[in-house]
Structures are given as C-alpha cells and as structure tokens.
Amino acid sequence: MKITGGCFCSAIRYEAEVDENMVVICHCTDCQINSGTAYGVVVRVIDGKFNLVKGKISFFQKIADSGAKRDLGFCSNCGTRIFAKPDGDKNGVFGLRVGTVDQRANLIPKKQAFTKSALSWVFDISSIPKN
Ligand SMILES: [Zn+2]
Ligand SMILES: [Zn+2]
C-alpha cells in the first residue's frame, strides 16, 4: 500500500510503500519510553520503499542487549519519532511509526509483540468510561 506521512511540525514529509498486513502493536519497554506512551504501533516498509521528500531525519542509535544496533529516526525540530531501522545500510525490519502516516486509519494492527511487558490495562480499554 502506498502511503504518505510526516512529523508534527511538518518539517519532515515522506512517501513509502508498506505491507498493510504487517502492522504490529509493540509493548516492549523501549517502545513505551521512546513513544512516551503505552505502546508503539509500527508498519513494515517494503525493502527500499521509503523516500524522504522534505526535511532532514535525525538519528539516535539504540544498542540492544544482544548488541544489535537500531537507528531511530526522528524530527529534531518537533521530536516526532518517524521510524526504526537496522543501522547503516543493513537489511532488516524498517518499522514506520503508524501515527505519522496520513492514512493511519487504514492501517489496522494484525499482531501484538512483547506482551509480557505490556501495561496491565491496555488489553481492556473498552471498559474505560468515554466522553
Ligand atoms: Zn517535525
Ligand atoms: Zn517495541
């Protein structure tokens, strides 16, 4: 599926092609902290199909306990996190943050990962009063 997106301040805009069957809710503690909220939601970009059309991506490199490095791309102006990918030009999962995608309403999660570290309330938010 072809999509477009960008950061909160609009300094960064991108276009990409994603696998809409690979939308994952990630409950890992990295995603909780780095997203500033309860969990991350990512969609896998098809290899080589991310194209920055405006702005400049800043990077923070996260080194996992396993030693694997991930490049976390974000906007240095507004702080929106855009994606996480393997370091340098290595192949691997390129996960785009679904909240930055213009068509995010059409990207429905198909799987949840790292549920062991999930916050206890996240699986039943339908019971929380709504206004
Ligand atoms: Zn921005
Ligand atoms: Zn995660």
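Thresholds, definitions, all that
- Residues numbered from 1 in each chain as written.
- Chains lettered and ligands numbered in written order.
- Predicted model: local features only at pLDDT ≥ 70, side-chain atom pairs only at ≥ 80, totals over all residues.
- Helix = DSSP H or I, 4+ residues; strand = E, 2+ residues; numbered from the N terminus.
- Rg over C-alpha atoms; globule rule 2.2 N^0.38 Å.
- Buried ≥ 20, exposed ≤ 12 C-beta atoms within 10 Å, placed from the backbone.
- Pairing = 2+ DSSP bridges.
- pLDDT = per-residue confidence, 0-100.
- Core = buried A, V, L, I, M, F, W, Y, C linked by C-beta atoms within 7 Å.
- Contact = placed C-beta atoms within 7 Å.

Caption draft 1: Local environment of the overall build of the protein. Counting its secondary structure elements, the protein contains one helix and eight strands. In the protein, the order of α-helices and β-strands from amino to carboxyl end is β-β-α-β-β-β-β-β-β. In summary, the protein has a C-alpha radius of gyration of 15 Å against a globular reference of 14 Å for 131 residues, a match within 12%. With respect to the three principal axes, the spread of C-alpha positions in the protein is 40 × 35 × 30 Å.

Caption draft 2: Quick look at the pairing of strand 4 (residues 58–63). Counting buried positions along strand 4 gives zero out of six residues, so the element sits mostly on the surface. Where strand 4 lies against strand 5 (residues 69–74), six bridges are found, and the strand directions are antiparallel. Paired with Phe 59 across the bridge in strand 5 is Gly 73.

Caption draft 3: Local environment of the confidence of the model for the protein. When the pLDDT values of the protein are averaged, the result is 95; 100% of them are 70 or greater. In the model of the protein, helix 1 (residues 29–35) stands out as the element of lowest mean pLDDT, 92, in contrast to strand 1 (residues 2–6), which has the highest, 98.

Caption draft 4: Region of interest: the pairing of strand 2 (residues 13–26). In terms of strand pairing, strand 1 meets strand 2 through five bridges, oriented antiparallel. Bridge pairing links Lys 2 to Glu 17 in strand 2. If you look at the hairpin formed by strand 1 and strand 2, you'll find six residues sitting between the two strands, and Ser 10 has a positive phi there, around 70°. Of the pairings in the sheet, the one linking strand 2 to strand 3 (residues 40–54) comprises ten bridges and is antiparallel in character. Pairing of Ala 16 across the sheet is with Phe 50, part of strand 3. With three bridges connecting them, strand 2 and strand 8 (residues 111–113) associate as parallel partners. For Val 24, the partnering residue across the bridge sits in strand 8 and is Lys 111.

Caption draft 5: Broad picture of the nonpolar core. Formed by 26 residues in total, the largest nonpolar core has its most connected members in Val 42, Val 43, Leu 96 and Val 98. Within the residue set of this core, elements represented by two or more residues are strand 2, strand 3 and strand 6 (81–86). The element contributing the most residues to this core is strand 2, with seven residues. Beyond its immediate sequence surroundings of up to four residues, Val 43 is in contact with Val 18, Met 22, Val 23, Leu 96, Val 98, Val 101 and Leu 107.

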